[in-house]
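Here is what each chain is made of, one letter per residue.
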Amino acid sequence: MKKRILIAEDESIIRMDLKLTLEDHGYEVVGEAGDGDRAVELAFLHKPDLVLMDIKMPKIDGLKASRIIGTQLDLPILLITAYSQKEFVEKAQQDNIVGYLVKPISEANLIPAIEVALHQSEKAKRLKASIQDVKREVEKRKTIERAKGLLMEKENLSEPQAFKKMRDASMSRQQTMESIAKEVLELYK
C-alpha cells in the first residue's frame, strides 16, 4: 500500500517539485498546503502517514501547525526549512517531529529521510500500542486483586481460596476473571 504524504510548503515551485519527486518514488501525495492553517485542515481531513512541513509559512507557522497536528492527531512530521540556526532546531524538538531537512532539498536527501521518518513513526506507534496493552493488563490485574481482597475480607477466605473461587466461577460461567472480579466488586461495594 502506498504511503500517504501531505506537503505543507508556501513556495509553490518547491511544493510541486516535492510532489513530483514523491510520486516518482511511489508515494501518494494526499494534499498540498501553502500555509499552516491549511496544513492543519488537510491533516485532519486526510490523516496522512507523514507530513512534510515548512517552518516559515503564512498565517500560522510550521512549528505551531506541527504542535496542533501532533497534539490532536499524533501524526509524524518531517520539517523542511531554509533555516538551520540552533533556535529553529531547538523549537523543532517536539515528540511528533521525526526529522529536519535543510533546503535546498535533493532527492538523495529527501527519500532516505522520508523512509527513516516513516519507519520511526511505525516503531513509535507499535511502542505506544504495547504500552496501552500493558496499562490495560495492569488495570485488569488490579481489579482482580481488589476483588480477591474483598472476598478474603468479606467471606473470611485465604488468598488461594479467594482466587480459586473466582477462577472456578470464571471457568464454569465461561467469563473472564476480570468480569467475575467486577461482579465481586459490585456485590460488595
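For the structure, check the block above.
Residues numbered from 1 in each chain as written. Predicted model: local features only at pLDDT ≥ 70, side-chain atom pairs only at ≥ 80, totals over all residues. Heavy atoms only, no water.

Asker: Would you mind going over the sheet that holds strand β3 (residues 50–54) with me for this structure?
Answerer: On the basis of which strands lie adjacent, the open sheet formed by five strands has the order β2-β1-β3-β4-β5 and parallel pairing. Edge strands, defined here as strands with exactly one partner in the open sheet, are β2 (28–33) and β5 (97–102). The mean inter-strand angle of the sheet, taken between neighbouring strand axes irrespective of direction, is 20°. Here five bridges tie strand β1 (residues 4–8) to β2, and the two strands are oriented parallel to one another. Bridge pairing in β2 places R4 opposite E28. (Pairing = 2+ DSSP bridges. Helix = DSSP H or I, 4+ residues; strand = E, 2+ residues; numbered from the N terminus. Axes fitted to C-alpha atoms, helices over the stretch in contact; angles between N-to-C directions.)

Asker: Would you mind going over the pairing of β1 with me for this structure?
Answerer: Consecutive residues of a regular strand have side chains that alternate between opposite faces of the sheet. Most of β1 sits out of view: four of its five residues are buried. Running through helix α1 (residues 12–24), the crossover from β1 to the neighbouring parallel element β2 is right-handed. Bridge count for β1 against β3 is four bridges, and the pairing is parallel. If you follow I5 over to β3, its bridge partner there is L50. (Buried < 20%, exposed > 50% of the residue type's maximum accessible area, 1.4 Å probe, protein only. Right-handed = clockwise from strand over helix to strand, strands pointing away.)

Asker: Help me understand a negative patch on the surface, please; the structure alone is not making it clear to me.
Answerer: Together, D17, E23, D24, E28 and E107 give the surface a local cluster of negative charge. In terms of residue count, the dominant contributor to the negative patch is α1 (three residues). Looking at where D24 falls in the secondary structure, it is placed in helix α1. (Patch = residues over 30% accessible without salt bridge, like charges linked within 9 Å, V, L, I, M, F, W, Y side chains within 5 Å. Areas by Shrake-Rupley, 256 points an atom, 1.4 Å probe, with all protein chains shown as cover. Salt bridge = Lys/Arg side-chain N within 4 Å of Asp/Glu carboxyl O. Lys, Arg positive; Asp, Glu negative; His and termini not counted. Charge placed at Lys NZ, Arg CZ, Asp CG, Glu CD.)

Asker: Would you mind going over the side chain of E9 with me for this structure?
Answerer: For E9, the position within the fold is in the loop between β1 and α1. When its relative accessible area of 0% is taken as the criterion, E9 is described as buried. Looking at E9, its side chain comes within polar contact range of the main-chain nitrogen of E11, at 3.0 Å. Not counting chain neighbours up to four residues away, the residues in contact with E9 comprise I14, R15, A33, G34, D54, M57, I80 and K103. (Polar contact = N/O pair within 3.5 Å; in protein donor to acceptor, adjacent residues only side chain to side chain. Contact = heavy atoms within 4.5 Å.)

Asker: Mind showing me how you'd approach the nonpolar core here?
Answerer: Generally speaking, a soluble globular protein has its nonpolar side chains buried in company with each other. Within the largest apolar cluster, 21 residues are counted, with the highest numbers of intra-cluster contacts made by M53, I69, I77 and L79. Elements with a minimum of two residues in this core: β1, β2, α2 (36–46), β3, α3 (62–73) and β4 (77–81). Aside from chain neighbours lying at most four places away, what touches I77 is L50, V51, M53, S66, I69, N96, I97, V98 and G99. In terms of nonpolar packing, the next biggest core, distinct from the first, is built from 17 residues, I5, L78, A117 and L118 among them. (Core = buried A, V, L, I, M, F, W, Y, C linked by side-chain atoms within 4.5 Å.)

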